[in-house]
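Structural features, examined
Here's the letter readout for the chains.
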Amino acid sequence: MIIIVLFGKPGAGKGTQAEFLKEKYNLTHLSTGDIFRYNIQNNTELGKLAKSYMDKGDLVPDEVTIKMLEGEVGKHPYSAGFLFDGFPRTIAQAEALDAFLESKNESITATVALEADDNILVARLLERGKTSGRPDDQDEEKIRNRYDEYNQKTAPLMDYYKAQGKFHAVDGIGSIAEVTERLTSVFDKF
Ligand code: B4P
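One pass over the full model with this rule turns up one cavity of 30 Å³ or more. Considering only enclosed or pocket space, the largest cavity measures out at about 40 Å³ in volume. Residue lining of the largest cavity: Leu6, Phe7, Gly8, Lys14, Gly86, Phe87, Pro88, Arg89 and Thr154, and that is the complete set. For the lining of the largest cavity, the leading source of residues is strand β1 (residues 2–8), giving three residues. Here the lining of the largest cavity is built from residues that sort into four nonpolar, three polar and two charged.

Encoded structure:
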């Protein structure tokens, strides 16, 4: 089974590129951000909890996120493979994912990171914030907090996956089609 982690800073284009990659490689796409937003829209208990963190640009606690992700994987027993988008975002999440997959005799095939400069990404998110209605996209201070969260909690994952020989980086700057092409040439090797 192919299991890919799509990795990158907020606004790097994970969600944008996942839409294409899931179709081309027949992967089940699980975006923790999308799942939280779905729960917020439907006013579930999980949504209420997630909203209190997401609106500030903070990460949702590991315990909640890990349990949710495992539940979502369980909903797709016959999947040919998975594309994890925005998960894991902390070392604790990465360790939990490895243990969870090992319990199913599976493991991550690769982590693919979309790399981009913070200032370009902040501009992308502010642009999206004009139409997305997402509170975490509309205020530069909250956006900067998302980058602080990334630098403190998510960036260490690069070394975690490099140590496993599973880390691949792709330049995330350029048109959406150009980035897709770069990703495809990496994915075609898996
Ligand atoms: P996510 O939903 O994962 O979203 P994201 O980081 O905002 O964006 P993504 O990289 O998917 O960017 P996109 O393609 O949309 O996370 C949101 C929040 O959820 C987190 O801050 C956190 O609170 C919570 N959360 C999620 N997962 C969690 C976890 N595992 N643990 C704890 N908390 C978690 O692209 C952004 C914009 O750029 C779009 O407008 C797009 O059109 C544009 N764009 C994309 N590619 C472009 C390109 N090449 N050129 C120009 N514009 C481009």
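A separate point is unusual backbone geometry. Following phenylalanine 87, the chain continues to proline 88 via a peptide bond in cis, the omega torsion being 0°. Tracing the backbone shows proline 88 in the loop between β3 (81–85) and α5 (91–102). In this structure, asparagine 26 is a non-glycine residue whose phi angle is positive, near 55°. By the secondary structure assignment, asparagine 26 is in the loop between α1 (14–24) and β2 (28–31).

On to the pattern of salt bridges, then. The tally for this structure, following the rule as stated, stands at 15 salt bridges. Two residues, aspartate 118 and lysine 9, come together in a salt bridge whose shortest N-O distance is 2.6 Å. Remark: lysine 9 occurs in the loop between β1 and α1 and aspartate 118 occurs in helix α6 (residues 118–132); sequence separation between them is 109 residues. Put simply, lysine 75 and glutamate 72 hold a salt bridge, and the shortest N to O gap is 3.0 Å. The exposed category is assigned to lysine 75, whose relative accessible area is 56%. Because the salt bridges share partners, they merge into one network encompassing Arg128, Arg134, Asp136, Asp137 and Arg146.

Our focus in this paragraph is the environment of arginine 89. Counting through the fold element by element, arginine 89 comes out in the loop between β3 and α5. A relative accessible area of 25% means that arginine 89 is categorised as partly exposed. When the C-alpha positions of arginine 89 and aspartate 118 are compared, they lie 17 Å apart, and in sequence the two are 29 residues distant. Not counting the four nearest positions on each side in its chain, arginine 89 is found in contact with Lys14, Thr32, Leu59, Lys153, Thr154 and Leu157. There is a polar contact of 3.0 Å between the side chain of arginine 89 and the backbone oxygen of glycine 86.

What counts, and where the lines are drawn
Here the residue numbers are simple positions, counted from 1 along each chain's written sequence. Reporting in this predicted model follows two pLDDT cut-offs: at least 70 for local features of residues, and 80 or more for side-chain atom pairs to be given and counted; totals over whole chains, interfaces and linings ignore these cut-offs and use all residues. With hydrogens and water stripped out, all remaining heavy atoms of the structure feed into the side-chain values. Both cavities and pockets are sets of points on a 1 Å grid over the protein atoms alone; in a cavity a 1.4 Å probe fits but cannot get out, in a pocket the set is open with protein on both sides within 12 Å along at least five of seven lines, and lining residues sit with an atom within 4 Å of a point. Grid points are joined across faces, edges and corners, and a volume is the space filled by probe spheres set on the points. Strands here are runs of E lasting at least two residues and helices are runs of H or I lasting at least four, both read from the DSSP assignment and numbered beginning at the N terminus. Note on residue categories: nonpolar means Ala, Val, Leu, Ile, Met, Phe, Trp, Tyr, Cys or Pro, charged means Asp, Glu, Lys or Arg, and polar means any other residue, Gly included. The term salt bridge refers to a side-chain nitrogen of Lys or Arg lying within 4 Å of a carboxyl oxygen of Asp or Glu. The rule is simple: take the accessible area with a 1.4 Å probe, protein chains only, and divide by the maximum for that residue type; under 20% is buried, over 50% is exposed, in between is partly exposed. Between two residues, a contact is recorded if the distance between any of their heavy atoms is within 4.5 Å. Polar contacts, as counted here, are pairs of nitrogen or oxygen atoms within 3.5 Å of one another; within protein the pair requires one atom able to donate a hydrogen and one able to accept it, and residues that are adjacent in sequence qualify only if both atoms are side-chain atoms.

All quantities given are derived from atomic positions and should not be read as evidence of function.
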